[in-house]
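Close look at the chain arrangement
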Amino acid sequence: MLDETLLDDPDALARVDRRGLLRGAAEAGARVRTAARHAAEAGVTELNPEGRPRAILIAGPGTAAAGVADLVAVLAGASAPVARLHSTGVAAAPGALRWTLPGWTGSVDLLLITTTDGSEPGLSLLAEQAYRRGVTVVAVAPQRSPLAEAVGDTHGLVVPMATAPHELTDEESQAASPAALWALFTPLLSLLDRVGLVTAPADALQKVADRLDRTAERCGPAVATYGNPAKTLAAELADTLPLIWTEGVTTAPIGRRFATVLAELAGRPAFAAELPEALEAHRTLLAGDFAAGADPDDFFRDRVEEAQALHARVVLLRDRPVGGLTAAPAARELALSHDTTISELEPENGAADDGATADLEALAELLAVTDFAAVYLALASRRNAG
């Protein structure tokens, strides 16, 4: 159960947050600035590519790397095919994972490797395989890690992963931190801007960092629940099965990441789907055992010793709808027709006038709010606190 009193007690939150998850969420803006600087120092902003790659392949373990691959696919997929290389192995341990290039991969393709660890032998082998085929390799990994050395030895480009001082001796905290996504994602934005696949110049990344800072101020532990969108969302999701419905240019990967971090950090199952398909995909969930009024047993039985049953709650994540068409009214109508509560989250007004920069700012804000919400839900439920 959720301890809602904990949400409005910053000192208590700090005590239970032994892995520094809130600090990681709050440092996202600073991580963007540091990562952008590392990319520039590595020479990314001075690259003069001869043309766009035929295809982009992305490899890396863990939630942060998966989220980066999803975001790159949405942002750059219209300009070049983007494929994530999924790992194989007998366990999720770094030493057991392996990646393989598709047979068609060649010198006109680009391989991106992202990891918060860098000790995975499988990624080093992948870099060597790419070198033998003439594939351009760019890696974002911890400095002086085995992977960084392997990519450097095969004439690839390495961008040191941005870290905070407190993470240098705390690998578990680093891997769990919401800031890890931005540490891996930001250098790739700079790179893809140089090769002409996305629009993310240095001033756009600065605006993204500023938006993350402003969102962290709104969602910080000292801000009461009634004025804090992340705490409000966490409280609303207590004892629910979140159905995350997304609409807009960049919201689909945000919804999928939110479902993933809810499971990983808060131990909470959640389903994500894009509108309008979500209306049919999740219709049965709204009418079945997870419906608001579903209770097949006697209303008067004693439930004191029983766990609270989960009921569906719709979380509507919205940005600019594609083509100006929106399924939000139909989503609200479907939820209300099944007595299902709904939470809505949209980026604040005031994004940059430029379309691409506005999309990045909106993406950053929604990622930040949902990351904060997952952390608050985890801490107030005493999940993953230590």
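As shown above, the structure is provided for reference.
First, a word on what this report is: a plain description of the structure on this page.

Rules behind the numbers
- Residues numbered from 1 in each chain as written.
- Predicted model: local features only at pLDDT ≥ 70, side-chain atom pairs only at ≥ 80, totals over all residues.
- Heavy atoms only, no water.
- Helix = DSSP H or I, 4+ residues; strand = E, 2+ residues; numbered from the N terminus.
- Rg over C-alpha atoms; globule rule 2.2 N^0.38 Å.
- Buried < 20%, exposed > 50% of the residue type's maximum accessible area, 1.4 Å probe, protein only.
- Areas by Shrake-Rupley, 256 points an atom, 1.4 Å probe, with all protein chains shown as cover.
- Lys, Arg positive; Asp, Glu negative; His and termini not counted.
- Charge placed at Lys NZ, Arg CZ, Asp CG, Glu CD.
- 1 Å grid on protein atoms, 1.4 Å probe; cavity = no way out; pocket = protein on both sides within 12 Å on 5 of 7 lines; lining within 4 Å.
- Points joined across faces, edges and corners; volume = space filled by probe spheres on them.
- Nonpolar A, V, L, I, M, F, W, Y, C, P; charged D, E, K, R; others polar.
- Core = buried A, V, L, I, M, F, W, Y, C linked by side-chain atoms within 4.5 Å.
- Contact = heavy atoms within 4.5 Å.
- Arc of directions from axis to C-beta.
- Pairing = 2+ DSSP bridges.
- Axes fitted to C-alpha atoms, helices over the stretch in contact; angles between N-to-C directions.
- Phe/Tyr/Trp six-rings, centres within 6.5 Å; stacked < 30°, edge-to-face > 60°.
- Expected span 1.5 Å × (residues − 1).

**A word on the overall build of the chain**
A tally of helices and strands in the chain yields 16 helices and nine strands. The C-alpha atoms of the chain give 21 Å as radius of gyration, which agrees with the globular expectation for 386 residues (21 Å, within 12%). By its C-alpha atoms, the chain is 70 × 45 × 45 Å across when sized along the principal axes. The buried share among the 386 residues of the chain stands at 52%. Just so you have it, the chain exposes about 16900 Å², and 52% of that area is on carbon and sulfur atoms. Where the 32 positive side-chain charges of the chain centre and where its 52 negative ones centre are 3 Å apart.

**Observations concerning the layout of surface pockets**
The computed volume of the second largest pocket comes to approximately 380 Å³. Every residue lining the second largest pocket is counted, 19 residues in all, and those nearest its centre are Pro 49, Gly 51, Leu 110, Thr 136 and Val 195. Ranked by the residues each element gives to the lining of the second largest pocket, the list is headed by strand S4 (residues 136-141), at three residues. Considering only residue class, the lining of the second largest pocket consists of 10 nonpolar, six polar and three charged.

**Overview of the nonpolar core**
Membership of the largest hydrophobic core comes to 84 residues, with the highest contact counts inside it found for Trp 182 and Phe 258. The biggest single contributor to this core is helix H16 (residues 355-380), with 16 residues. Apart from residues no more than four positions distant in its own chain, Phe 258 is found in contact with Leu 233, Leu 237, Ile 244, Val 315, Thr 370, Ala 373 and Ala 374. Counting 20 residues, the second-largest nonpolar core is a separate cluster that includes Leu 97, Val 135, Leu 147 and Val 151.

**Looking at helix H15 (residues 328-337)**
Among the residues making up H15, those that are buried are Ala 328, Ala 331, Leu 334 and Ala 335. The buried residues of H15 occupy an angular sector of 125° when the element is viewed end-on, so they sit on one face. Opposite the buried face of H15, by more than 90 degrees, sit the exposed residues Glu 333, Leu 336 and Ser 337. Those residues of H15 that are buried lie in contact with strand S6 (240-247), helix H13 (278-281), helix H14 (283-287) and strand S8 (311-318). Just downstream of H15, Asp 339 is the residue with a positive phi angle, here 55°.

**A short note on the sheet that holds strand S1 (residues 56-59)**
As a general point, the strands of a sheet are linked pairwise by backbone hydrogen bonds and lie either parallel or antiparallel. Ordered in space as S2-S1-S3-S4-S5, the five strands form an open sheet in which the pairing is parallel. Of all the strands in the sheet, the pair left with one neighbour each is strand S2 (82-85) and strand S5 (157-160). Averaged over all pairs of adjacent strands, the angle between their axes in this sheet comes to 20°, without regard to strand direction. Direction of pairing for strand S3 (residues 110-114) relative to S4: parallel, over a ladder of five bridges. Looking at the pairing, Leu 110 lines up with Thr 136 of S4. On top of the sheet, helix H5 (residues 62-76) reaches S1, S2 and S3; it is set at about 165° to S2, its chief contact.

**A short note on empty space enclosed by the protein**
Scanning the entire structure with this criterion turns up one cavity of 30 Å³ or more. When its volume is computed, the largest cavity comes out at roughly 50 Å³. For the largest cavity, the full set of lining residues is Ala 25, Ala 28, Pro 178, Trp 182, Leu 212, Leu 367, Ala 368, Asp 371 and Phe 372. A breakdown of the residues in the lining of the largest cavity according to their chemical character gives eight nonpolar, no polar and one charged.

**With respect to the packing of aromatic side chains**
Taken as a whole, this structure holds two aromatic pairs when the rule is applied. Relative to Tyr 376, the ring of Phe 372 has its centre 6.1 Å away and its plane inclined at 25°; by these criteria the two rings are stacked. Highlighted residues: Phe 372 and Tyr 376, both in helix H16, separated by four residues, approximately one helical turn. Note on Phe 372: relative accessible area 1%, which makes it buried.

**Considering helix H6 (residues 121-133)**
Across its 13 residues, H6 extends 19 Å between first and last C-alpha, which sits within 8% of the 18 Å expected from 1.5 Å per residue. Those residues of H6 lying buried are Gly 122, Leu 123, Ser 124, Leu 126, Ala 127, Gln 129 and Ala 130. Next to the buried residues of H6 lie S1, S2, S3, S4 and helix H7 (146-153). Remark: Gly 134 follows H6 within two positions and exhibits a positive phi of approximately 80°.

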